[in-house]
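# Coordinates in review
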Amino acid sequence: MEMNRLALADDEELRPQIRILGTGAVISVVLFAVSLGVMLGGFNDPKTPQLPGLSPGQTQIPGLPTTYPSIPAFPAGLPTQFPTSLPTGFPAQLPTALPSLPGGNS
Amino acid sequence: MTGDLARERAQLIMRVIIAGYLVEVLLNLMRPHVLPNEPALSIFQTLPGPAGSFTRLLSTPRAVFWCMIAGIAIGVMIQAYVAITRPQGRRAAVLTWAMLAVLLGPFTLISLVVIALYPLVALACVPSTAFALWLLRISQRFARLAWPVLLAAFAWGALLVFSLGRAYSGLGFGTLYGYTTGKISATDLSSFGTSMWRVLGLLIVHLSVVNELAVAAGVLLLLLLFRHRRIDTAKGLVLGAAIGLGYNFVESVIFIQIYGSLGSFLGATGGFEYWIRQSIGLFAGQVTFGALIGAGIGTAFQTRQRERRRLIAGAAIMTAIGGAVAAEILSGWLSHLVQGHVTSGGALDTLVVSPLLWLLPQAPFIVLAALLLAACWRARGAAARAAISAEAGDGGGAITWPEVPYLADPRLRLWTVAGTWHRHGRSAALALHRLQSAQLDLASWRWQQTTDPEQDPAAHEEGDVLRAKVIRLKTAAPTRLAVTS
């Protein structure tokens, strides 16, 4: 900023601007402190429904489960393929004509 | 010499920006991992479904991140080359600006991605933003900044401040989240929610600090580039506000889009966001805080003592940071207080209550920015009178003594133009307006040259061109403009 010497104003001329900026700094410090108080105090947190508590006699869960429960194994020897050969004389074609209705109606 | 200083300062600013980003990356890499299969950098974590678009608030696309890292690597190589070869003159300037483009260019992709993804929303924000930029320009009254300078400030805000804020805070969020939510109690899941709200609060502080420092860097850089001209509070204020306006533009696009898509979950709509960000609150938020920072740095430039300069600029930056944090947190708190007393989503809430709650914590800063602008107007008015009188005293004919009172007083200028329109028609009034504008440009040039006449010989030629323009306009329509004399 050394080369701007000719433009340097007398600080008296800048007093109004400096005063306004100083006022802004004080206000911002106050509002910043209030904001931190609101944030850290939890005043801004949304209200969430309370989780149900333990009934008398119930014991507290010591910790969340860390493993999945084991699933019973399937019995061995289950068929895994469809049969590939059909018995002898098995009808291989669908009928091509419908049977006629009783009474001779077509 | 001026260019050298500006380049040195620009390099210093860039090094601070890049060093800060690398620190954020390092802290994020070292954070405790909360979830299984969490990526090394938290910014690579993606959420499924509609929540995915919500993460765009702070997201850095993977490709953009790697472009940033590549840009930093290339920038370092260019710096090493410059350090070894020590180029001089134009070659040194070209290498410096190329390095800055390579280092900062990839960061701007974050903003560009937002605009490219939602072009219609961006288009909807253009008219109000352009109007605000025009108001900023005419608010200077005298020695106005040229449009390219204002647009450069706007681009700094839109492309860099927004992107840097997201790039830093995206990493900061993951880091804070890792350190504060690492211990989730199995019997008290509400502690997780409490931790999350603390993280979001701290994230607002983090984002505000990064944003305001980036605004300050932009104002400082632009003022240094134009420091051969006179620098005053008004110039800084307008530059800062233009940077804030650019930031506000991209932020509006993302918020309007998100609330438009997820309004049923978030409680507001895209239309409401447009109303508060591009209408009633257009000059609030970052525009106000940018104006305060700019005014502070502009005032600091005029101050004699180095310590005092730092104090003034520091106070302005602190004001903006505190204001930005308060604007976010206290408006949310006030909203909680009135919840239940006002019907949410009704006409009264949409048009009055919600905007009021958002603007209330910012009100002191808006008032201070307005007071600063009024102080600038007074100072600029006195400067204009002195410069116009000095030009008339030279006797060159561009400004004559009878014209001085009219030119020095905006109301009299308007009155003469309106009177000319009434008596001689539109074309005569426009001709008079053009002449007065040219005369004010000449007076502005004269005021600017008192800064340092020897530093910029080209500026003297500019003065001759401006005088010739005034004489040409006067001789072109002497009879129509008789009303001024």
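Residues numbered from 1 in each chain as written. Chains lettered and ligands numbered in written order. Predicted model: local features only at pLDDT ≥ 70, side-chain atom pairs only at ≥ 80, totals over all residues.

### Considerations on the overall build of chain B
How we decide: Secondary structure elements are defined from DSSP: runs of H or I of at least 4 residues count as helices, runs of E of at least 2 residues count as strands, and each element is numbered from the N terminus. We call two residues in contact when their backbone-placed C-beta atoms lie within 7 Å.
Looking only at helices and strands, one finds 17 helices and zero strands in chain B. Excluding contacts between residues fewer than 6 apart, the proportion of contacts in chain B whose partners are at least 24 apart in sequence is 77%.

### Some thoughts on the overall build of chain A
Stated formally: We call a residue exposed when 12 or fewer other C-beta atoms sit within 10 Å of its C-beta, buried when the count reaches 20 or more, and partly exposed for counts in between; the C-beta positions come from the backbone.
Within chain A, the secondary structure is distributed over one helix and zero strands. Of all 106 residues assigned to chain A, the portion counted as buried reaches 14%.

### Observations concerning unusual backbone geometry
For B:Arg86, which is not glycine, the phi dihedral falls at a positive 45 degrees. Take B:Arg86: it is sitting in the loop between α3 (62-85) and α4 (89-117).

### Examining the packing of helix α11 (residues 306-338) of chain B against helix α12 (residues 347-359) of chain B
Residue and element names in this part refer to chain B. Stated precisely, the cut-off is as follows: Here an angle of 0 to 180 degrees is reported between the N-to-C directions of two axes, which are lines fitted to C-alpha atoms, with helices fitted over the stretch in contact. These descriptions rest on fixed angle ranges, namely under 35 degrees for roughly parallel, over 145 for roughly antiparallel, 65 to 115 for roughly perpendicular, and the rest for oblique. Crossing chirality is assigned from the near helix's rotation relative to the far helix, an anticlockwise turn below a right angle marking it left-handed and a clockwise turn marking it right-handed. When residue character is reported, Ala, Val, Leu, Ile, Met, Phe, Trp, Tyr, Cys and Pro are called nonpolar, Asp, Glu, Lys and Arg charged, and the others, Gly included, polar.
One can describe the packing of α11 onto α12 by two numbers: an axis separation of 8 Å at closest approach and a directional angle of 140 degrees. Judged by the inter-axis angle, α11 sits oblique to α12. Relative to α12, the crossing made by α11 is right-handed. Within the contact between the two elements, α11 uses Ser 331, Leu 334, Ser 335 and Val 338 and α12 uses Val 353, Leu 357 and Trp 358. Split into classes, the residues belonging to the contact of α11 with α12 amount to five nonpolar, two polar and no charged.

### Re the domain arrangement of chain B
Buried accessible area, meaning the area lost when the parts come together, often serves as the stated size of an interface. Stated formally: Domain start and end points were adopted from an automatic or database domain assignment.
Parsing chain B into structural domains produces domain 1 (2-181 + 189-378) and domain 2 (395-484). A straight line from the C-alpha centre of domain 1 of chain B to that of domain 2 of chain B covers 39 Å.

### Examining the nonpolar core
Heads up, the rule is: Connectivity within a nonpolar core runs through C-beta atoms within 7 Å, and the core itself is a set of buried Ala, Val, Leu, Ile, Met, Phe, Trp, Tyr and Cys residues.
Ranked by size, the top nonpolar core spans 139 residues in total, and within it B:Val219, B:Ala242, B:Leu292, B:Ile293, B:Ile297 and B:Ala316 carry the most contacts. Summarising the domain contributions, this core has at least three residues from each of domain 1 (2-181 + 189-378) and domain 2 (395-484) of chain B.

### Some details on helix α5 (residues 119-138) of chain B
Residues and elements named next belong to chain B. Condition: In a helix, the anticipated span is given by 1.5 Å times the number of residues less one. Bend, at a single residue, is the angle you get between axes fitted to the 7 residues ending at that residue and the 7 residues starting at it.
Compared with the 28 Å implied by 1.5 Å per residue over 20 residues, the 29 Å span of α5 between its first and last C-alpha is a close match. At Val 126, α5 shows its maximal bend, which comes to roughly 35 degrees, and the proline Pro 127 appears one to four places after that position. Within α5, the full set of buried residues consists of Val 121, Ala 122, Cys 125, Ala 132, Leu 133 and Leu 136.

### Let's talk about the confidence of the model for chain B
We apply this condition: Confidence of the prediction at every residue is given by pLDDT, a number between 0 and 100.
Put simply, chain B has an average pLDDT of 84, and 89% of its residues get 70 or more. At the level of chain-chain contacts, confidence expressed as ipTM amounts to 0.83, with global pTM at 0.81.

### Focus on α11(B)
All names here are of chain B. Look at α11: 47 Å from first C-alpha to last across 33 residues, which is about the 48 Å you get at 1.5 Å a residue. Along α11, the helix axis deviates most sharply at Ala 327, where the bend reaches about 30 degrees. Directly after α11, the chain includes Gly 340, whose backbone phi takes a positive value near 95 degrees.

### Section: the environment of B:Gly294
Residue and element names in this part refer to chain B. Assignment of secondary structure puts Gly 294 in helix α10 (residues 286-302). Overall, the presence of 34 C-beta atoms within 10 Å leaves Gly 294 in the buried class. Taking the C-alpha atoms as reference points, Gly 294 and Ala 10, 284 residues apart in sequence, are found 17 Å from one another. Those residues in contact with Gly 294, other than ones at most four positions away along the chain, are Val 219, Gly 236, Leu 237, Val 238, Leu 239, Gly 240 and Ala 241.

### Quick word on the packing of α10(B) against helix α13 (residues 363-394) of chain B
Residue and element names in this part refer to chain B. Look at α10 against α13: their axes get within 9 Å of each other, and the N-to-C directions meet at 45 degrees. Between α10 and α13, the angle falls in the class oblique. Here the hand of the crossing between α10 and α13 comes out left-handed. In this structure, α10 contributes Thr 288, Phe 289, Ala 291, Leu 292 and Ala 295 to the contact, and α13 contributes Phe 365, Ile 366, Leu 368, Ala 369 and Leu 372. Of the residues contributing to the contact of α10 with α13, the split by class is nine nonpolar, one polar and no charged.

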